[in-house]
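Descriptive structure summary
The lines below spell out each chain.
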Amino acid sequence: MEFIIDCADIHSPEELHRAIAAALSFPALYGHNLDALYDCLCSLTGNTSLVFSGWDCVMDFAAGFHRVLIDAEMDNPLLTVTFE
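Parameters at a glance
Residues numbered from 1 in each chain as written. Predicted model: local features only at pLDDT ≥ 70, side-chain atom pairs only at ≥ 80, totals over all residues. Heavy atoms only, no water. Helix = DSSP H or I, 4+ residues; strand = E, 2+ residues; numbered from the N terminus. Rg over C-alpha atoms; globule rule 2.2 N^0.38 Å. Contact = heavy atoms within 4.5 Å. Areas by Shrake-Rupley, 256 points an atom, 1.4 Å probe, with all protein chains shown as cover. Expected span 1.5 Å × (residues − 1). Buried < 20%, exposed > 50% of the residue type's maximum accessible area, 1.4 Å probe, protein only. Arc of directions from axis to C-beta.

Turning our eyes to something else, we now look at the overall build of the protein. Scanning the protein from terminus to terminus reveals 3 helices and 3 strands. From first element to last, N terminus to C terminus, the protein shows the α and β order β-α-α-β-α-β. Its C-alpha radius of gyration of 12 Å places the protein within 12% of the 12 Å reference for a compact globule of 84 residues. Dimensions along the principal axes, computed over C-alpha positions, put the protein at roughly 30 × 25 × 20 Å. When contacts within the protein are restricted to residue pairs at least 6 apart in sequence, long-range pairs at least 24 apart make up 67% of them. Here the protein displays about 4700 Å² of accessible surface, and carbon together with sulfur accounts for 54% of that area.

Next comes the structure, spelled out in structure tokens:
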């Protein structure tokens, strides 16, 4: 399944966490931190494509997200991540 996250209106790490959690229907107990993001992404059991459109809008605060997303993609063969 493909999920597109539009980063144009995201202005903080908290908003990016919320957008990812909402798109992927993370559980209510999702910790909204990078460790929790990695754990949830690595726990995905179906083919999942994450497309981040407007990634350049969040680059000022999203370096940690980028690293976690790439690491999770490498560790979960069912996950693909694209930055546009």
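Turning our eyes to something else, we now look at helix H3 (residues 63-75). With 13 residues, H3 should reach 18 Å at 1.5 Å per residue; the first-to-last C-alpha distance of 18 Å fits that figure. Burial in H3 covers these residues: Phe-65, Val-68, Leu-69 and Ala-72. All buried residues of H3 project into a common sector of 100 degrees when viewed along the axis, lining one side. Residues Ala-63, Arg-67 and Met-74 are exposed on H3 and point more than 90 degrees away from its buried face. Tucked into the core, H3 has its buried residues touching helix H1 (13-24), helix H2 (34-42), strand E2 (48-53) and strand E3 (79-83).

Okay, the environment of Leu-16 next. Relative to the assigned elements, Leu-16 resides in helix H1. Given the relative accessible area of 0%, Leu-16 is considered buried. Separated by 10 residues in the primary sequence, Leu-16 and Asp-6 place their C-alpha atoms 9.7 Å from one another. Among all residues touching Leu-16, those that are not within four sequence positions of it are Ile-10, Phe-52, Trp-55, Phe-61, Ala-62 and Phe-65.

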